[in-house]
Amino acid sequence: MHVGQAGATQTDARQTDAGQADAGQVGRKEGDNAMIGPTMHVATEGGRDVNTARAVKSLSEAVQVRTVSFSDPTLMDLSEFDRFHALLERLYPLTHKRLRKTALGHSLSYLWKGSDTSHGNQGNKPVALMSHMDVVPADEDGWEYPPFSGAVANGYVWGRGSIDMKYGLVTILEAIEELLEEGFVPPRDIYVISTCDEETGGQGSICRIAERLGSEGVRFDWVLDEGGVVGEGMMAGLDKPLAVVGVAEKGYLDLELSGEMEGGHSSMPGRTKSVGP
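So, here is what we can say about the structure in this document. (Residues numbered from 1 in each chain as written. Predicted model: local features only at pLDDT ≥ 70, side-chain atom pairs only at ≥ 80, totals over all residues. Heavy atoms only, no water.)

**Let's talk about the nonpolar core**
Core analysis: the biggest nonpolar cluster contains 31 residues, and Phe-84, Leu-88, Met-133, Leu-169, Ile-176 and Val-192 have the highest contact counts within it. Of all elements in the fold, only helix H1 (52–63), helix H2 (78–91), strand S7 (107–112), strand S8 (127–130), helix H4 (166–181) and strand S11 (190–194) reach the threshold of two or more residues within this core. In this structure, Leu-88 is in contact with His-96, Leu-108, Tyr-110, Leu-169 and Leu-173, ignoring residues within four places of it in sequence. Residues Leu-104, Leu-111, Tyr-191 and Val-218 belong to the second largest nonpolar core, which totals nine residues. (Core = buried A, V, L, I, M, F, W, Y, C linked by side-chain atoms within 4.5 Å. Buried < 20%, exposed > 50% of the residue type's maximum accessible area, 1.4 Å probe, protein only. Helix = DSSP H or I, 4+ residues; strand = E, 2+ residues; numbered from the N terminus. Contact = heavy atoms within 4.5 Å.)

This is the structure we're talking about:
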């Protein structure tokens, strides 16, 4: 199952965060204006029948768990994260039986051994699929459906995390569970990583996971995390969906510019200036 995602601009933390519940889309409505985004296009190989009903139910249940993270960790209700871990074990029994699960605090890492590496062979480098389990706080006001209801209505799964980013984790685990049911074994090792503090910067959990994997000699061929979007109507003159691929984390840059020219006085400026025309 191949999945691509598209995004919508968040304008207010209290506004609706909804995941589309039909076979092909995850969406969101803001205020009274319907907005589809992100859109999840699902393409199957060989006419595979994707268990959409199970995915919708799983996402609904995941949204109902209040895995809210705060910059002050003492404000976090860790029992909700324990509850979320237990939910994943119930929803994805084969995944938890066949994959090696490692808990670092309340963040999770899974290893799906590949056929090329299962007998000690080196094989291709492993890959990592990432999607965090925590969400930002949500005021109960201003929502068409309560933010942790996980309501399935009007073709949507409603609630905090249905876009950012529990739908991603559910998508990954749903795909793995279905492939395990079919007896599929990937050729290379696949890691699934889900942190509990991404919304607060994520410096704690992901650094500990990176240190652990580094100590085990793990180096990824590539990592797939949340980022770009697939959207329609994003650019004038383009009538097809546009995929935006992010290859780096947003940062900042300080620049110091200097220029030289003949001196003068601000009361009698020349026709050109050192900073430009």
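**Focus on the packing of H1 against H4**
Running from amino to carboxyl end, H1 crosses H4 at an angle of 140°, the nearest separation of the two axes being 10 Å. Here H1 lies oblique to H4, going by the angle between them. Read as a crossing pair, H1 and H4 show a hand that is right-handed. Contact residues: Arg-54, Ala-55, Ser-58, Leu-59, Ala-62 and Val-63 in H1; Lys-166, Tyr-167, Val-170, Glu-174, Glu-177, Glu-178 and Glu-181 in H4. (Axes fitted to C-alpha atoms, helices over the stretch in contact; angles between N-to-C directions. Parallel < 35°, antiparallel > 145°, perpendicular 65-115°, else oblique. Left-handed = near helix turned anticlockwise from the far one by under 90°.)

**Describing H1**
Compared with the 16 Å implied by 1.5 Å per residue over 12 residues, the 17 Å span of H1 between its first and last C-alpha is a close match. Taken as a whole, H1 has its buried residues at Val-56, Ser-58, Leu-59, Ser-60, Glu-61, Ala-62 and Val-63. On its buried face, H1 is in contact with H2, strand S9 (152–153), strand S10 (156–158) and H4. (Expected span 1.5 Å × (residues − 1).)

**Quick word on the sheet that holds S11**
Pairing within the open sheet is mixed, and its five strands lie in the order S6-S7-S11-S8-S12. Of all the strands in the sheet, just strand S6 (100–104) and strand S12 (222–224) have a single pairing partner and so form its edges. Pairwise comparison of adjacent strand axes, ignoring direction, gives a mean angle of 20° for this sheet. As paired strands, S6 and S7 are joined by five bridges and run antiparallel to one another. (Pairing = 2+ DSSP bridges.)

**Some words on the environment of Tyr-145**
By the secondary structure assignment, Tyr-145 is in the loop between S8 and S9. Distance in space between the C-alpha atoms of Tyr-145 and Val-157 is 9.8 Å, their sequence separation being 12 residues. Each residue touching Tyr-145, except ones within four places of it in the same chain, is listed here: Ala-151, Ala-153, Asn-154 and Trp-158.

**Here's the deal with unusual backbone geometry**
With an omega of 10°, the peptide bond between Asp-164 and Met-165 qualifies as cis. Of note, Met-165 is situated in the loop between S10 and H4. Unusually for a residue other than glycine, Asn-154 sits at a positive phi of about 55°. Owing to a relative accessible area of 53%, Asn-154 belongs among the exposed residues under this scheme.

**Side note on the pattern of salt bridges**
In total, this model carries 12 salt bridges according to the counting rule given. Arg-54 is the salt-bridge partner of Glu-181, the closest N and O atoms lying 2.9 Å from each other. Separated by 127 residues along the polypeptide, Glu-181 in helix H4 and Arg-54 in helix H1 bring together distant segments of the chain. Of the residues examined, Glu-181 reaches a relative accessible area of 46% and is grouped as partly exposed. If you follow the salt bridges from partner to partner, you end up with Arg-54, Glu-174, Glu-178 and Glu-181 in one network. (Salt bridge = Lys/Arg side-chain N within 4 Å of Asp/Glu carboxyl O.)

**Overview of the pairing of S11**
The buried fraction of S11 is high, at five of five residues. What you see with S11 is no split at all: Ile-190, Val-192 and Ser-194 on one side and Tyr-191 and Ile-193 on the other are buried throughout. Pairing of S8 with S11 involves four bridges; the strand directions are parallel. The residue of S11 that forms the bridge with Leu-129 is Val-192.

**Structural notes on a nonpolar patch on the surface**
Taken together, the side chains of Met-234, Met-235, Leu-238 and Val-244 present a nonpolar region at the surface, about 340 Å² in accessible area. Counting through the fold element by element, Leu-238 comes out in the loop between strand S13 (230–231) and strand S14 (242–243). Assessed through its relative accessible area of 35%, Leu-238 is described here as partly exposed. (Patch = residues over 30% accessible without salt bridge, like charges linked within 9 Å, V, L, I, M, F, W, Y side chains within 5 Å. Areas by Shrake-Rupley, 256 points an atom, 1.4 Å probe, with all protein chains shown as cover.)

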